[in-house]
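# A look at the structure
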Amino acid sequence: MQNSSSVADARHHKPASPRVAGSRKNVGRAVVILASLAFLALLLIQILYAAGATTSGFADWRPILAAYLFWAIAIGIGQVVIRGERGLRALFLLPAVFFTVAVVIFPTLFGFYIASLDWNLSSLEGPRFYGFNNLIGLFHDTYYWNALGNMIFYTAAVLGEYAVAFGLALLLNAEIRARKFFRVVFLLPMMLSPVAVSWMIGKSLMEYRFGPAATLARYLGWDNPAFFASPWMAWLSIEAMDAWVSIPFIMIILLAGLQAMPKEVQEAAKVDGANGWQSFWHVTFPITLPVSITVLIIRIIFKLKLADIVINVTAGGPGGATDTVSSFIYRVYRDRSNVGYGTGLAIFYLLLIIALLTILLRLSNRWTQKVE
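Residues numbered from 1 in each chain as written. Predicted model: local features only at pLDDT ≥ 70, side-chain atom pairs only at ≥ 80, totals over all residues. Heavy atoms only, no water.

### Brief notes about the overall build of the chain
Note the cut-off: Note on conventions: DSSP H or I runs of at least 4 residues are helices, E runs of at least 2 residues are strands, and numbering of each starts at the N terminus. Using C-alpha atoms as the atom set, the radius of gyration is obtained and then compared with a globule rule of 2.2 Å times the number of residues to the power 0.38. Exposure is judged per residue with a 1.4 Å probe applied to protein chains only, and the accessible area is read against the type maximum: over 50% gives exposed, under 20% gives buried, and values in between give partly exposed.
If you tally the helices and strands in the chain, you get 17 helices and two strands. For 372 residues, the compact-globule estimate of 2.2 N^0.38 gives 21 Å, and the C-alpha radius of gyration of the chain, at 28 Å, exceeds that figure by more than 25%. Referenced to the eigenvectors of the C-alpha coordinate spread, the extents of the chain come out at roughly 85 × 85 × 35 Å. Each of the 372 residues in the chain was classed as buried or not, and the buried ones make up 36%.

### Thoughts on helix 13 (residues 276-287)
Operational definition: Residue count minus one, scaled by 1.5 Å, sets the expected span of a helix.
Given a rise of 1.5 Å per residue, 12 residues ought to cover 16 Å, and the 15 Å separating the end C-alpha atoms of helix 13 matches this to within 8%. Regarding helix 13, the residues found buried are Ser-279, Phe-280, Val-283, Thr-284 and Phe-285.

### Points about the confidence of the model for the chain
We apply this condition: Values of pLDDT, ranging from 0 to 100, describe the predictor's confidence in every residue of the model.
Chain-level statistics for the chain give a pLDDT mean of 85 and a share of 94% at 70 or above. The spread of mean pLDDT over the elements of the chain runs between helix 1 (residues 2-12), the lowest at 48, and helix 7 (residues 142-173), the highest at 94.

### A look at unusual backbone geometry
Cis rather than trans, the peptide bond between Gly-317 and Pro-318 has omega equal to -5°. If you check the backbone angles, Ala-178 has positive phi at about 55° while not being a glycine. Counting through the fold element by element, Ala-178 comes out in the loop between helix 7 and helix 8 (179-187). Its identity is not glycine, yet Ser-337 carries a phi of approximately 55°, on the positive side. Inspection of the secondary structure assignment puts Ser-337 in the loop between helix 16 (325-336) and helix 17 (339-371). Looking at Ser-337, the relative accessible area reads 18%, which means it is buried.

### Some details on the side chain of Thr-314
The condition that has to hold: Between N or O atoms, a polar contact is any pair within 3.5 Å; within protein, one atom must be a potential hydrogen donor and the other a potential acceptor, and residues adjacent in sequence are included only when both atoms are from side chains. The contact rule is simple, with two residues in contact once any of their heavy atoms fall within 4.5 Å.
Residue position: Thr-314 is located in the loop between helix 15 (308-313) and helix 16. Among the polar contacts listed, one links the side chain of Thr-314 to the side chain of Thr-322, at a separation of 2.7 Å. Every residue in contact with Thr-314, bar those within four places of it in the chain, is listed here: Phe-228, Ile-238, Ile-309 and Thr-322.

### Details of the nonpolar core
Rules: Residue types Ala, Val, Leu, Ile, Met, Phe, Trp, Tyr and Cys, when buried and joined through side-chain atoms within 4.5 Å, form a set referred to as a nonpolar core.
One finds Tyr-144, Met-241, Leu-254, Val-325, Leu-345 and Tyr-349 to be the most contacted residues of the largest nonpolar core, which totals 53 residues. Where this core is concerned, the elements lending two or more residues are helix 7, helix 9 (194-205), helix 11 (231-260), helix 13, helix 14 (289-304), helix 15, helix 16 and helix 17. The contacts of Met-241, once residues within four sequence positions are left out, are Val-197, Ile-201, Gly-202, Met-206, Phe-228, Ile-309 and Val-313. The next biggest cluster of nonpolar side chains, apart from the first, holds 15 residues, and it includes Phe-39, Ile-64, Trp-71 and Val-101.

### Remarks on the pattern of salt bridges
Rule in force here: The working definition used for a salt bridge is a side-chain nitrogen of Lys or Arg within 4 Å of a carboxyl oxygen of Asp or Glu.
Going through the model one piece at a time under the given rule, you end up with 11 salt bridges. For Lys-303, the salt bridge identified is with Glu-161, shortest N-O distance 2.9 Å. Within this pair, whereas Lys-303 is found in helix 14, its partner Glu-161 is found in helix 7, the two being separated by 142 residues in sequence. By the burial criterion, Lys-303 is buried, and Glu-161 matches it. With a shortest N-O distance of 2.9 Å, Glu-207 and Arg-209 are connected by a salt bridge. The network of salt bridges with common partners includes Glu-161, Glu-239, Asp-242, Arg-299 and Lys-303.

### A word on a nonpolar patch on the surface
Quick note on the threshold: Within this analysis, patches are made of residues with over 30% relative accessible area and no salt bridge. Like charges are joined at 9 Å or less; nonpolar side chains (Val, Leu, Ile, Met, Phe, Trp, Tyr) at 5 Å or less. Using the Shrake-Rupley algorithm and a 1.4 Å probe, accessible areas are obtained, with residue cover drawn only from the displayed protein chains.
A cluster of nonpolar side chains, namely Phe-99, Val-103, Val-104, Ile-105, Leu-109, Phe-112, Leu-350, Leu-351 and Ile-354, defines an oily patch on the protein surface of about 800 Å² accessible area. Elements represented by at least two residues in the nonpolar patch include exactly helix 5 (94-115) and helix 17. No other element matches helix 5, which puts six residues into the nonpolar patch. As for its position among the elements, Leu-351 is in helix 17. Residue Leu-351 is classed as partly exposed on the basis of its relative accessible area, which comes to 44%.

### Details of the packing of helix 7 against helix 14
Quick note on the threshold: Between the N-to-C directions of two axes lies an angle of 0 to 180 degrees, each axis being a line fitted to C-alpha atoms and, for a helix, fitted only over the stretch in contact. Every angle not falling under 35 degrees, over 145, or within 65 to 115 is termed oblique; those three ranges are roughly parallel, roughly antiparallel and roughly perpendicular. Handedness of a crossing follows from how the near helix is turned relative to the far one, being left-handed for an anticlockwise turn of less than a right angle and right-handed for a clockwise one. Three residue categories are used. Nonpolar comprises Ala, Val, Leu, Ile, Met, Phe, Trp, Tyr, Cys and Pro, charged comprises Asp, Glu, Lys and Arg, and polar comprises the others, including Gly.
Viewed as axis vectors pointing N to C, helix 7 and helix 14 meet at an angle of 140°, and their least axial separation amounts to 10 Å. Judged on the interaxial angle alone, helix 14 and helix 7 are oblique. Helix 7 and helix 14 meet at a crossing whose hand is right-handed. Only Ser-292, Leu-296, Arg-299, Ile-300, Lys-303 and Leu-304 of helix 14 make contact with helix 7, whose side of the interface consists of Met-151, Tyr-154, Thr-155, Val-158, Glu-161, Tyr-162 and Phe-166. Tallied by class, the residues present in the contact of helix 7 with helix 14 amount to eight nonpolar, two polar and three charged.

Right, dumping it as structure tokens:
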């Protein structure tokens, strides 16, 4: 026993890192703090210079990029000085950290900066500091709030897509003939670009004069089959096209979850006398719930970015009935050339999405724990 415990202790023993002197740590912290303050000061000066609030600054942003690189090197040196050997290990993480800062955090902060400008590309005056006026204008923009209201219906429709996709996944998971063939056929819409779907279905198949769908509708007794004339019909048509492209994605994820489910569980439910619905509701659905939540959240994120089909087929009409926030922001950039206001709309929408996803994740975690 003593020998085995000694071996276990030896396995879990970690060599202690050499202690770093307090004076050396202070030097390292001073390097990190001074480098960070210098970089932030240069960044602030350049932002004020670009906004026209000061005459001191650089002609372009290349010195800031160089300062960013020096700051990264100073942080690395500071970590080694402060943590000693462990600091060397931390250096391996620094490339990922600085890459995240460069491609995620910095563009987001730059977006906030653009949102504070009055910057219209059609104006010769160039960007001017505008403060919170873009945000104030947003709250009085009825078109933006109309698009935001439409997003509630678009997002709620994800539940319908999920139900259809789950049914298809159960069907393709069953022992049916030509199962592989149907799996490939059902996945075909996912391989098409939304722009191609817009023209192939929205502009051709559903064209109200000569389109095959309109001809069939007339044959069935619909006198004027205009799929994009009335608000609700146009919304349903857009949603149907988007669902046609997206349901295969949800289906394939759910199908993977069903195939990963142990067959013994289903067989045990049958032995206990459970019918098809009871087996689904009490066994299949709870086991695949984590997969369902994951795919629903991914689908909601994609739905909140819906723009391609709307822009190409209805341009948000009729009367803004099919407009989405993304398509509205696109028109602000394209038609008004208003970079500052468009970025303000996008930043505000981003904050709403973050809040919504945070709430959804908390609710889904609680629900999963209750079901388990």
